[in-house]
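# Analysis of the macromolecular model
Listed below, chain by chain, are the residues.
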Amino acid sequence: MIDKIEKGALFKTLELAGVKNPVPKKLKVLEFSKAKKDENRKVREAANFLIHDLLETNDLGTCIHVTGEMRALTDPFHRQICEEMKRRDKGSFHVLFNIPPERRQNAAALVAWNLSKWAEFRSRQWKEELRTIDVIANRSVNLLAYETLQDIQFSVFGHKYILLQEKHNDEVASKRIWLLESEAINGLLVERGRQFISGAVNIDEGLFREFAINLSGLVARWYLSKLEKKSIEKDNLLSDSFIRDFAQNPQGSLDALKIMGFIVESKYGLLNITSTGREFLSAY
């Protein structure tokens, strides 16, 4: 049970989300979290278990995330669910998120933006970042660019479930979150989500695949192998005969390695491999 103050915050949030005068008797609060990171994590985990159960019973309904920075995809459990939905051909989550227009059609710029936003809330872990990139690259979700900063962020699924977040700035690490059960409110927010989708810009998930190929291909490995031995000026690396013969997108691979933090470039154009770059090279 939630107290009077928290119930007031819930109904205020629903009102801001466009839900007017919800019937309390037809609204069940399954889980609730105050603005605390550990509590937030537990509510999201409960939502993921619920989505997993709905997948098993073939009852997912319409699945929409209205987010700021699509950090839901950095959760390993949620990624697994999204991949399983695709594998079983059970549809996918529509993920609406904020991304500047100038970054929407360039693989390096798109990935760099997302990585920078995710890093604001957790230390960078390149293996987890690559797993998130792979989930998107495999089109396990449907990405859409939409200005959500002024909107209440929510997720809907399973015909009657809602994961609702109180109004907040994307810079905050935690906020009140409610996991709710209500067919009526789910229906209203599904319609609201569809309206957002109709005004959103589709993001080509293939750009994430392009980034992944640039990062994991022969040319990227060649760059790292050369830099593992010594620092090299950028122009000398790009003018090597191997690059001229084999590289279709030499700058793309270089950009991908920089964005992942596997190499760094000095202001004089001298390239160096990093410790994480050495880890990546030895692991793959």
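Before any of the text, the structure's been laid out above.
The following refers to the structure shown. (Residues numbered from 1 in each chain as written. Predicted model: local features only at pLDDT ≥ 70, side-chain atom pairs only at ≥ 80, totals over all residues. Heavy atoms only, no water.)

### A short note on the pattern of salt bridges
Applying the stated criterion across every chain yields a total of 16 salt bridges. Between Glu 84 and Arg 88 there is a salt bridge whose closest N-O contact spans 2.8 Å. On the accessibility criterion, Arg 88 (29% relative accessible area) is partly exposed. Between Arg 131 and Glu 128 there is a salt bridge; the shortest N-O distance is 2.7 Å. Separated by three residues within a single helix, Arg 131 and Glu 128 lie in helix α5 (residues 126–137), roughly one turn from each other. (Salt bridge = Lys/Arg side-chain N within 4 Å of Asp/Glu carboxyl O. Buried < 20%, exposed > 50% of the residue type's maximum accessible area, 1.4 Å probe, protein only. Helix = DSSP H or I, 4+ residues; strand = E, 2+ residues; numbered from the N terminus.)

### Examining unusual backbone geometry
Positive phi, close to 55°, is recorded for Asn 58, a residue that is not glycine. For Met 70, which is not glycine, the phi torsion reads 45° and is therefore positive. For Met 70, a relative accessible area of 1% puts it in the buried group.

### Considerations on the nonpolar core
Judged by nonpolar contacts, the single largest core of 66 residues is most densely connected at Met 70, Leu 143, Phe 157, Phe 208, Phe 211, Leu 215 and Met 260. Sorting elements by how many residues they give to this core places helix α4 (residues 107–118) first, with seven residues. The residues contacting Leu 143, other than those within four sequence positions of it, are Met 70, Leu 73, Val 95, Phe 97, Ile 136, Val 201, Asn 202, Ile 203, Glu 205 and Phe 208. Formed by 23 residues, the second largest nonpolar core is a distinct cluster that contains Ala 17, Ile 64, Leu 164 and Leu 180. (Core = buried A, V, L, I, M, F, W, Y, C linked by side-chain atoms within 4.5 Å. Contact = heavy atoms within 4.5 Å.)

### A closer look at the pairing of strand β11 (residues 270–273)
The two faces of β11 differ: Leu 271 and Ile 273 on one face are buried, but Leu 270 and Asn 272 on the other face are not. Relative to β11, strand β9 (residues 232–233) runs antiparallel, the two sharing two bridges. Its bridge partner being in β11, Glu 233 is matched across the sheet by Leu 270. Where strand β10 (residues 263–265) and β11 come together, three bridges link them in antiparallel fashion. Among the inter-strand pairings, Glu 265 is bridged to a residue of β11, identified as Leu 271. Hairpin connection, β10 to β11: the antiparallel pair is bridged by four residues, and Gly 269 has positive phi, about 85°. (Pairing = 2+ DSSP bridges.)

Read these as spatial facts, not as claims about activity.
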